[in-house]
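# Structural characterization, general
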Amino acid sequence: MPTTTEQVLTEEEQQAHFDALIEADQRIEPRDWMPEKYRKTLIRQISQHAHSEIIGMQPEANWITRAPSLKRKAILIAKVQDEAGHGLYLYSAAQTLGISREEMTDALIEGRARYSSIFNYHTPSWADMGAIGWLVDGAAICNQVPLCRASYGPYGRAMVRICKEESFHQRQGFEILYELSHGTPEQKQMAQESVNRWYWPSLMMFGPSDDASPNSAQSMAWKIKRFSNDELRQRFVGMCVPQFEALGLECPDKDLRYDEETGKWILGEIDWDEFNAILDGRGPANTDRIRNRRDAHEEGAWVREAAVEYARKQRERQRFAA
Ligand SMILES: [Fe+2]
Ligand SMILES: [Fe+2]
């Protein structure tokens with residue numbers, strides 16, 4: 001016999017309650033009923049986001065041992081550690097939707113999960129640490145600030161803290177590039193060369209154009225997503241233009257112009273074939289990224305085993321004390 005009002009609600013009534021919460025800009029929490037598609041969409045999005053944070057540690061970790069000074073090394077270590085933290089908040093948020101950490105990790109290391117295409121490029125130059133912070137973390141901020149208001153509570157709350165740290169990442173990247181672009185001609189050239197490589201892939205981070213992005217409309221109706229891919233890309237370009245000037249670097253998009261009439265940026269052609277090839281696993285570093293993650297997971301097995309054993313002993317101790 002049902003004991004709470006919740007149990008006697010029909011599926012239609014639960015759906016109506018969910019719709020009303022979304023309509024009123026209220027948060028959906030893990031205890032709330034939610035449509036299965038909403039849950040699955042969030043699991044996909046949050047886990048992909050978590051994987052991106054963790055895989056995203058690799059291109060920059062490449063430079064920790066070769067940073068040009070102790071100060072730069074300390075900043076880079078802090079930044080890469082932040083990304084590990086972001087991955088952990090996000091895996092935890094995804095777990096509240098009923099998927100386990102193991103399932104998500106297995107999908108990643110077996111090559112079944114997606115993560116942001118941007119992390120499949122190599123980082124051959126120190127200036128790449130600047131370009132990644134400025135452009136990649138900068139694009140991430142544009143994407144993520146609206147996610148702080150995502151309808152799913154644990155996701156939105158994780159994003160608030162992540163965004164604060166991303167601002168630091170963007171600043172430190174900009175500062176690396178500023179120093180280089182105001183240094184020797186060779187240093188300035190190094191900064192320009194790196195920005196030339198990272199600019200277009202950072203625009204791809206917003207995903208395909210709105211008309212080629214089938215899931216976007218539903219995510220916007222559910223208030224997971226607040227702005228379309230193209231709107232966010234516009235915002236990012238608008239943010240970059242004055243910063244290119246401050247850096248004294250050239251924007252690699254020679255066709256970029258501002259259309260006064262529509263108030264929009266007209267961008268040059270984005271190479272979506274390159275984007276799709278990377279998503280299909282054919283980017284410059286896809287294989288390395290997954291292999292490194294798998295190796296790190298295997299090498300870390302003893303840490304997980306020790307933690308489980310420690311937790312078991314703690315529980316036993318508590319039982320004896322009781
Ligand atoms: Fe991050
Ligand atoms: Fe970041």
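Note that this is a predicted model, so its numbers are computed, not measured.

What follows covers the overall build of the protein. Across its full length, the protein carries 14 helices and 2 strands. Whereas a compact globule of 322 residues would reach a radius of gyration of roughly 20 Å, the protein reaches 22 Å, a difference of no more than 12%. In terms of its C-alpha atoms, the protein occupies a principal-axis envelope of roughly 80 × 55 × 30 Å. Looking at the protein residue by residue over its 322 residues, the buried ones come to 47%. Taking the contacts inside the protein whose residues are at least 6 apart along the sequence as the reference set, 77% of them involve residues at least 24 apart. Surface summary for the protein: the accessible area is close to 17200 Å², and the carbon and sulfur share equals 53%. Distance between charge centres in the protein, computed from 40 positive and 49 negative side chains, equals 6 Å.

Next up on the list: the pattern of salt bridges. Counted according to the given criterion, the structure contains 20 salt bridges. Residues Asp32 and Arg31 are paired through a salt bridge, measuring 3.8 Å at the closest nitrogen-oxygen approach. A salt bridge links Glu250 to Lys254, with the shortest nitrogen-to-oxygen separation between them at 3.4 Å. Where salt bridges share partners, they join Glu60, Lys79, Glu83 and Asp137 into one cluster.

We now examine the coordination of the iron ion (ligand 1). Protein-derived coordination of the iron ion (ligand 1) comes from Glu53 (OE), Glu83 (OE), His86 (ND1) and Glu166 (OE), at a distance range of 2.0 to 2.2 Å. Taken together, the 4 donor atoms coordinating the iron ion (ligand 1) span angles of 84 to 147 degrees at the metal, a pattern that classifies the geometry as irregular. Between consecutive donor residues of the iron ion (ligand 1), the sequence gaps follow E-x29-E-x2-H-x79-E. Here the iron ion (ligand 1) and the iron ion (ligand 2) are spaced 3.3 Å apart, linked through Glu83, which binds each one. Here Glu53 is found in helix H3 (residues 36-55), whereas its partner His86 is found in helix H5 (residues 70-95), with 33 residues between them in sequence. Judged by relative accessible area, His86 falls into the buried class, the value being 0%.

Rules used throughout
Residues numbered from 1 in each chain as written. Chains lettered and ligands numbered in written order. Predicted model: local features only at pLDDT ≥ 70, side-chain atom pairs only at ≥ 80, totals over all residues. Heavy atoms only, no water. Helix = DSSP H or I, 4+ residues; strand = E, 2+ residues; numbered from the N terminus. Rg over C-alpha atoms; globule rule 2.2 N^0.38 Å. Buried < 20%, exposed > 50% of the residue type's maximum accessible area, 1.4 Å probe, protein only. Contact = heavy atoms within 4.5 Å. Areas by Shrake-Rupley, 256 points an atom, 1.4 Å probe, with all protein chains shown as cover. Lys, Arg positive; Asp, Glu negative; His and termini not counted. Charge placed at Lys NZ, Arg CZ, Asp CG, Glu CD. Salt bridge = Lys/Arg side-chain N within 4 Å of Asp/Glu carboxyl O. Donors = N, O, S within 2.8 Å, 3.2 Å for Na, K, Ca; no water. Tetrahedral: all angles 85-135°; square planar, octahedral: opposite > 155°, others 65-115°.

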